[in-house]
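Summary of structural features
Residues per chain are reported as follows:
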Amino acid sequence: MVILKSSYGILSVLVGLLAFKATIVDSFDYGDAIDKTLLFFEAQRSGKLPVGQRVKWRGDSGLGDGYAQGVNLVGGYYDAGDHVKFGQPMAFSMTMLSWAAVDCRAELVSLNQMGHTLDAIKWGTDYFIKAHPQPYVLWGQVGDGVSDHYCWERPEDMTTPRTAYKLDPEHPGSDLAGETAAALAAASLAFKPYDSAYSSLLLVHAKQIFSFADRFRGFYDDSISSAKQFYTSSGYSDELLWAATWLYKATNDEYYLKYVVDNCVSLGGTGWAVKEFSWDNKYAGIQVLLTKVLLDGAGGAYTSTLQQYQAKADYFSCACLQKNDGYNVPMTPGGLLYLHEWNNMQYPASAAFLLAVYSDYLAKAKGVVKCPEGQLQPLDLLNFAKSQGDYILGKNPKSLSYVVGYGQNYPLHVHHRGASITSVSILKTAVGCVEGFETWYKRPEANPNVIYGALVGGPNANDEFSDDRTDYEQTEPTLSGTAPLVGLFSKLHSLPGNSAGPYTPEPSNPYHKPQGSYPQPATTPNPNQVSNGSKLDCSSRICSRDHQLMDHLQGDLLPSQGDNQDVSQKPITGLKLYFESLTGSLWGLTPTQDKNTYVLPEWIKVFEPGSECTFVYIQVVAKPRSQFKATINKGEILKFLYRVLMMTENKIFCNP
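Computed from a predicted structure; not experimentally measured.

What to know about the packing of helix H2 (residues 87–103) against helix H9 (residues 237–251)
Packing of H2 against H9 brings their axes to within 13 Å, and their N-to-C directions diverge by 30°. Handedness of the H2/H9 crossing: left-handed. Facing Gln 88, Thr 95, Met 96 and Trp 99 of H2, the residues of H9 in contact are Glu 239, Trp 242 and Trp 246. The residue inventory of the contact of H2 with H9, partitioned by class, reads 4 nonpolar, 2 polar and 1 charged.

Examining the UniProt feature "active site" (unreviewed entry) in the chain
Under the UniProt annotation, "active site" (unreviewed entry) lies at His 415. Among the secondary structure elements, His 415 is positioned in the loop between helix H14 (378–393) and helix H15 (417–420). A polar side-chain atom of His 415 sits 2.7 Å from the main-chain carbonyl oxygen of Arg 469.

Remarks on the state of the cysteines
Tallying each qualifying case throughout the model produces 2 disulfides. With a sulfur-sulfur separation of 1.9 Å, Cys 151 is cross-linked through a disulfide to Cys 433. Residues Cys 151 and Cys 433 share a disulfide whose torsion about the S-S bond is about -100°; that sign makes it left-handed. One end of the pair, Cys 151, is in the loop between helix H5 (145–149) and strand E4 (164–167); the other, Cys 433, is in helix H16 (residues 433–441), with 282 residues separating them in the sequence. Given a relative accessible area of 8%, Cys 151 falls into the buried group. The disulfide partner of Cys 318 is Cys 371, and the gap between their sulfur atoms is 2.0 Å. Classification of the bridge connecting Cys 318 and Cys 371 rests on its S-S torsion, roughly -90°, and on that basis the disulfide is left-handed. Linking Cys 318 in helix H12 (residues 303–320) with Cys 371 in strand E5 (residues 369–371), this pair joins segments that are 53 residues apart in sequence. Of the two residues, Cys 318 and Cys 371, neither departs from the other in class, the shared state being buried. If the cysteines joined by disulfides in the chain are listed in sequence order, their pairing comes out as 1-4, 2-3.

Quick look at the side chain of Ser 490
In this fold, Ser 490 is placed in helix H19 (residues 484–493). Setting aside residues no more than four positions away along its own chain, Ser 490 makes contact with Ile 34, Cys 104, Glu 107 and Leu 108.

Observations concerning the confidence of the model for the chain
Averaged over all residues, the pLDDT of the chain is 81; the fraction at 70 or higher stands at 73%. Scored below 50 in pLDDT, residues 1–26 shows 119 contacts in the model against residues more than four places distant or in partner chains.

About the criteria used
- Just so you know, the residues in each chain are numbered from 1, in the order the chain's sequence is written.
- Restriction of local features to residues with pLDDT of at least 70 applies here, the model being predicted, together with a cutoff of 80 or more for giving and counting side-chain atom pairs; totals for whole chains, interfaces and linings are based on all residues.
- Side-chain metrics in this entry use all non-hydrogen atoms of the structure; hydrogen atoms and water are not considered.
- To get an axis, fit a line to the C-alpha atoms, keeping to the stretch in contact for a helix; angles then go from 0 to 180 degrees between the N-to-C directions.
- Working definition: helices are DSSP H or I runs of at least four residues, strands are E runs of at least two. Numbering for both runs from the N terminus.
- The hand of a helix crossing depends on one turn: near helix anticlockwise from the far one by less than a right angle means left-handed, and clockwise means right-handed.
- Residues are treated as being in contact if the distance between any of their heavy atoms lies within 4.5 Å.
- Put simply, Ala, Val, Leu, Ile, Met, Phe, Trp, Tyr, Cys and Pro go in the nonpolar bin, Asp, Glu, Lys and Arg in the charged bin, and everything else, Gly too, in the polar bin.
- UniProt positions are given in the numbering used here, feature names are shortened, and annotations may be inferred rather than shown by experiment.
- Counting of polar contacts relies on pairs of N or O atoms within 3.5 Å, with two restrictions inside protein: one atom must be capable of donating a hydrogen and the other of accepting it, and residues adjacent in sequence are counted only when both atoms are side-chain atoms.
- The disulfide definition used here is simple: a pair of cysteine sulfur atoms within 2.5 Å.
- For every residue, the accessible area (1.4 Å probe, protein chains only) is compared with the maximum for its type, and the residue is labelled buried under 20%, exposed over 50%, or partly exposed between those bounds.
- The score called pLDDT rates the predictor's confidence residue by residue, from a low of 0 to a high of 100.

Rendered as structure tokens:
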């Protein structure tokens, strides 16, 4: 690892994380809400947990998933308060997180949350890649809901069957496959600025899975019958359009745009006017995304059909804002959209996110929504989205935050197995299936583990809520309910009065991923300052799991500080780095068209005094070390020579 820094203090940016103090001036701290929400996804992780895991009460679990069927399905997410990995809601959740990473990129970068967002997405997409070993095979579920619900035990203690279920040409599932293709296509867009190779890999799988979904049509819960009583599919037509829409966004290939136009009637894209946007019903999302194509002026020959999609997007907006001539989404007396008794909170969360992004699309195009009961401005949509987000965070008749761990008053008896039983790091003996019910499920005390960021099922139609672990309709959180909050709270943070600065997340281990995955907020250049004469200090740090190798190399790999400490207070712009004789991977810098020349990541516009940038070079070779030369090409400001760690094949980058 190489660290560039200027004098007058060091601001830690190891592996791309910046920390700033911030004061949110509105009544709700949306930055804190985002950070808490992303912690929920860490609590739901299945598999071998990473070094940077922030939720410490969780441990490794599900390490044998798929092995009985001869496939590696370790990883992914548990769906809710249980331990089943349901593919359909998991894929929708990854699509929502990816949409947030794409459309709320500036907000997430400014809040220092893009790294955690990409981590959450990748934990899901890595699993989907494993679940897609052949073009026309997709493993869609691990675990059985019925047997799983007979037990109340921590994921680390699981004794229930971990049966895996797959889709193939003889057992199709266009809905599940379509949603997975959409998730991978959306994720490819999210990763494209930061990891182009991974982005391309995701797109390959997305295209293949979409082809599978379209060619071999059928309901996934007919092929995976154990999913039917938990996540029954209402149809697969919307998922086919949804996947094609995201593939068009990811590829700009007219084939996919033509698909959604040619199939607009047969698959219901321009026929269905809906009041719900959820893991099961994507029509409103499709209609908003395709309206953006129209608003961007890219409709071309497809303009008339895209206008029909826009009409349905407007219907959804009018219905949510109660301007649809009586055909509106029901609401509670306290102002919450209310569609279903079971886990209703997921519906206002997803609707609010969709309205927030639609508001942004309309505002940029100077568009409006024409409703039967009046015209809506983009800000009307955003304000309504804010009303839903604020209700979720505590502006409701109960003055209760339905996001666990946010604020001072939130549910304490969450219907969640892992959160309700003392952590395996403290209670090391296994908790059995029946023992869990008798000792932990029925206990009146609060859960021993706070599952930060979990959006519970929420209140009933009259805004009443029971903080009762046995009331799974109201106190159980889900992936698909929580995922839209990242984008929603990001958009709300951008409202006037919420731009005080980046949120400072809780400390975490910054070494679990190369810096290139962790974007940093851009710094606004000061036109009154010049960069000529500025100098940089270069230092390096060795990281290896091989302590003998570290002892051998530590002495001569750390560069001499020397004259590099004599630096100016002026910022540096246009910084270029030149490297010779590199044969390994360089993370955290952007290559240019000039040979051996790199620049800082695009989000670092100016290298300010007191700032620090870290980049990593990892080489897999037999010999122990090598050299390369780095030149800062800004009026020949400074040249320096240093050595970097050469890693053997089984060594990894880690926290020293």
